[in-house]
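What follows is the residue order along each chain.
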Amino acid sequence: MSENIKSFGYHEPAKSLSNRIQSHAKYSNFNLHEWVASRFAIESGDAVFDLGCGNGNFTDLFFKKVGSKGFVFGMDKNPDLIAAANQTHSSLPRESVQFAVGDFDDPFPIQKKFQWIFAVYSFYYTENPARTLERVKERLVPGGQFVVIGPGADNGKEL
């Protein structure tokens, strides 16, 4: 895909993301954070990659699970959201929690391997799902898990 077309990709303002998060918390029939915490066996010392982390909405949850011996890495293509994530989570140890600007469709800005890679309401932003899945596979340890959480019941079929 040419750079001219790609430059018209979606760029979510920080306020829009915050509004979506607040709307989900107010109007949904379940707590997504509680569901993730209870559904996935993230352990102390694990490494978690939050792909499309936005403003770091799940960072606290992931850090509580992995602890200071683990590692949480958040990536989002919006620099404003990464700045907000860094500010919100500035009290967490930098050796355990880091954020970077990066796009699903570019090489990931980290070479580390992870037990968990989460794409929470974000995987649909990729322009090339097959290539992104290959990059995810390269970043997972053997037996690692890739978790895609999306807005529609047919997301699994689409993938």
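1. Quick look at the pairing of strand E2 (residues 71–76)
- A large share of E2 lies buried, amounting to six of its six residues.
- Burial along E2 is two-sided: Phe71, Phe73 and Met75 facing one way and Val72, Gly74 and Asp76 facing the other are all buried.
- Relative to E2, strand E1 (residues 47–51) runs parallel, the two sharing five bridges. Paired with Asp50 across the strands is Gly74, a residue of E2.
- Handedness of the crossover is the feature at issue here: the chain leaves E1, passes through helix H4 (residues 59–66), returns alongside E2, and the resulting connection is right-handed.
- Here E2 pairs with strand E3 (residues 97–101) via five bridges, running parallel. Note that in E3 the partner of Gly74 across the bridge is Phe99.

2. Concerning the sheet that holds E2
- Spatial ordering of the open sheet is given by E3-E2-E1-E4-E5, a layout of five strands whose pairing is parallel. The sheet terminates laterally at E3 and strand E5 (140–149), the two strands that pair on one side only. Here the strands of the sheet are splayed against their neighbours by 15 degrees on average, with no regard to which way each runs.
- Packed on one face of the sheet, helix H6 (residues 129–139) meets E1, strand E4 (114–120) and E5 and runs near 135 degrees to E5.

3. A short note on the confidence of the model for the chain
- In the predicted model, the chain carries a mean pLDDT of 85, and the fraction of residues at 70 or more is 75%.
- The low-confidence segment residues 1–8, where pLDDT is below 50, has six contacts with residues more than four positions distant or belonging to other chains.

4. Here we look at the environment of Phe62
- With respect to the helices and strands, Phe62 occurs in helix H4.
- Judged by its relative accessible area of 0%, Phe62 is buried.
- Through-space distance from the C-alpha of Phe62 to that of Phe73 is 9.6 Å; in sequence the pair is eleven residues apart.
- Excluding its chain neighbours within four sequence positions, the residues that come into contact with Phe62 are Val36, Ile42, Val48, Asp50, Val72 and Phe118.

5. With respect to unusual backbone geometry
- At Tyr121, a position not held by glycine, the phi torsion is positive, near 50 degrees.
- Mapped onto the elements of the fold, Tyr121 is located in the loop between E4 and H6.

6. Describing the side chain of Thr126
- You can see Thr126 is positioned in the loop between E4 and H6.
- A relative accessible area of 10% places Thr126 in the buried class.
- Engagement of the side chain of Thr126 in a polar contact is seen with the side chain of Asp105, the distance being 2.7 Å.
- Dropping the residues within four chain positions of it, Thr126 is found in contact with Phe104, Asp105 and Thr132.

Cut-off values and rules
Residues numbered from 1 in each chain as written. Predicted model: local features only at pLDDT ≥ 70, side-chain atom pairs only at ≥ 80, totals over all residues. Heavy atoms only, no water. Buried < 20%, exposed > 50% of the residue type's maximum accessible area, 1.4 Å probe, protein only. Helix = DSSP H or I, 4+ residues; strand = E, 2+ residues; numbered from the N terminus. Pairing = 2+ DSSP bridges. Right-handed = clockwise from strand over helix to strand, strands pointing away. Axes fitted to C-alpha atoms, helices over the stretch in contact; angles between N-to-C directions. Contact = heavy atoms within 4.5 Å. pLDDT = per-residue confidence, 0-100. Polar contact = N/O pair within 3.5 Å; in protein donor to acceptor, adjacent residues only side chain to side chain.

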